[in-house]
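# Coordinate analysis (summary)
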Amino acid sequence: MEFSQRLYALRRKAGLSQEELANLVGVTRQAVQKWESGGSLR
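Before going into details, it helps to say that this report is about the structure given with it. These figures come from a predicted structure and were not determined experimentally.

## Considerations on the environment of Glu-19
In this fold, Glu-19 is placed in helix α2 (residues 18–25). Each C-alpha atom, one on Glu-19 and one on Arg-29, is 5.0 Å from the other, the two residues being 10 residues apart in sequence.

Shown next as C-alpha cells:
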C-alpha cells in the first residue's frame, strides 16, 4: 500500500476531513490533497 492510499484510509477511519487533518498537522488542505493524490510527499 502506497503512502497516499494509507493516508487516505487512516484519515477516513479517523473520521477526519482533509481540512481537519491539515489543521491538526499544521499544513494546508491543499497539501493533504496532494499527499493523498500522490502528487507530492513534501
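## Here's the deal with the pattern of salt bridges
The final tally for this structure, using the stated rule, is one salt bridge. Residue Glu-36 is joined to Arg-11 by a salt bridge in which the shortest nitrogen-to-oxygen separation is 2.5 Å. You can see Glu-36 sitting in helix α3 (residues 29–37) and its partner Arg-11 sitting in helix α1 (residues 3–13), a full 25 residues away along the chain. Classification of Glu-36 by relative accessible area gives buried; the value is 13%. By relative accessible area, which is 8% here, Arg-11 ends up buried.

## Quick notes on the side chain of Ser-4
In this structure, Ser-4 sits in helix α1. A relative accessible area of 10% places Ser-4 in the buried class. Those residues in contact with Ser-4, other than ones at most four positions away along the chain, are Trp-35, Glu-36 and Gly-38.

Thresholds, definitions, all that
- Residues numbered from 1 in each chain as written.
- Predicted model: local features only at pLDDT ≥ 70, side-chain atom pairs only at ≥ 80, totals over all residues.
- Heavy atoms only, no water.
- Helix = DSSP H or I, 4+ residues; strand = E, 2+ residues; numbered from the N terminus.
- Salt bridge = Lys/Arg side-chain N within 4 Å of Asp/Glu carboxyl O.
- Buried < 20%, exposed > 50% of the residue type's maximum accessible area, 1.4 Å probe, protein only.
- Contact = heavy atoms within 4.5 Å.

It is worth stressing that arrangement in space is one thing and function is another; only the former is reported here.
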